[in-house]
Amino acid sequence: MPPIRFALLVASVVAACSGSPSGATGAPEEEPPPSPLAADVLFIGNSLTAANDLPGMVQSLAESAGTRLTTAAVTRGGAALEDHWTDGAALEAIDRGGWRFVVLQQGPSSLPESRANLRDWTRRFAARIRAAGAEPSLYAVWPPKDRTAFFEDVIESYRLAAEDVRGVLLPVGQAWLDAWSRDADLPLYGPDDFHPSVEGSYLAALVIYGRLSGRPPVGLPARFALPTGGLVEIAPRTAVLLQETAAHVVTDTLKSAK
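The shown structure was predicted, so the numbers you read here are calculated from the model rather than taken from an experiment.

Tell me about the pattern of salt bridges, and name the residues and values.
Side chains carrying opposite charge are able to pair once their charged atoms draw close together. Scanning all chains against the criterion turns up ten salt bridges. Put simply, aspartate 87 and arginine 76 hold a salt bridge, and the shortest N to O gap is 3.9 Å. Linking aspartate 87 in helix H4 (residues 81-87) with arginine 76 in the loop between strand E2 (71-75) and H4, this pair joins segments that are eleven residues apart in sequence. Put simply, aspartate 164 and arginine 119 hold a salt bridge, and the shortest N to O gap is 2.7 Å. Residue aspartate 164 is located in helix H7 (residues 151-164), and its partner arginine 119 is located in helix H6 (residues 112-131); the two are separated by 45 residues in the primary sequence.

In structure tokens form, the structure reads like this:
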């Protein structure tokens, strides 16, 4: 059975959206209108999404900026989108509805056959996502450290997949490249030279937050708690550099989409 954060996080979403507390007397308090930036996001991916609790990072950063951006995830180590389709848990989560965005992620998909696979299954998922009232989004990742020559191929694979379905491109791989152009020593890879370090996931969360919320991902905390209780701590100077990088990449992506 794949590890699924979905049930726990949906419970928190339901609690957050419920009415007045039980046992209250008199007329219930009127609920405030939802924020125009409120967005529930479902992540579907593998360990590149699950590492360092990326969905939780996105939610916590949004909360720190006063934006309600609740997240949930269906992840399985090494899974491609085809695997998630066959397994069925991701489709069940999509069909429950309530999402504004569903973020899709698989491996680097730099080779011609893996690019074709990514594009094919993105199209299938996109139809299901839109039927549930949400917008498909592509979390564009990166190659392993020993295959950095394929960075542009990975970026192009995810760009094409997003373009195929007129979805939202989340250009995290491009943000990694841009961050290294500012500081080549940034430790974005984790110990295995493929999964992200905390800094790598933090940069990913900044890009995703900025792209989905429409707000610039700057001025956000370098130290914050995750919904699960874990603590994220980034060196202040590094956090500023990563925030500026994310803001630049998000702006460029928006310009290209026009």
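So what's going on with helix H9 (residues 198-213)? Which residues, and what values?
Look at H9: 22 Å from first C-alpha to last across 16 residues, which is about the 22 Å you get at 1.5 Å a residue. Of all the 16 residues making up H9, 14 are buried; the element is thus mostly covered by neighbouring parts of the structure.

Describe the confidence of the model for the chain, and please don't skip the residues or the numbers.
Counting all residues, the mean pLDDT for the chain is 87, and 84% of those residues have values of 70 or more. Note on residues 1-39: pLDDT is under 50 here. Beyond four places in sequence and across chains, it has 46 contacts.

Give me H7: which residues, what numbers.
Here H7 is 14 residues long and its end C-alpha atoms lie 20 Å apart, about the 20 Å a rise of 1.5 Å per residue gives. Three or more residues of H7 are buried, namely Phe151, Val154, Ile155, Ser157, Tyr158, Leu160, Ala161 and Ala162. Summarising the contacts, the buried residues of H7 are in contact with H6, strand E4 (135-140), strand E5 (168-171) and helix H8 (172-182). Following H7 by one or two positions, arginine 166 adopts a phi angle in the positive range, close to 55°.

What counts and what doesn't
Residues numbered from 1 in each chain as written. Predicted model: local features only at pLDDT ≥ 70, side-chain atom pairs only at ≥ 80, totals over all residues. Heavy atoms only, no water. Salt bridge = Lys/Arg side-chain N within 4 Å of Asp/Glu carboxyl O. Helix = DSSP H or I, 4+ residues; strand = E, 2+ residues; numbered from the N terminus. Expected span 1.5 Å × (residues − 1). Buried < 20%, exposed > 50% of the residue type's maximum accessible area, 1.4 Å probe, protein only. pLDDT = per-residue confidence, 0-100. Contact = heavy atoms within 4.5 Å.

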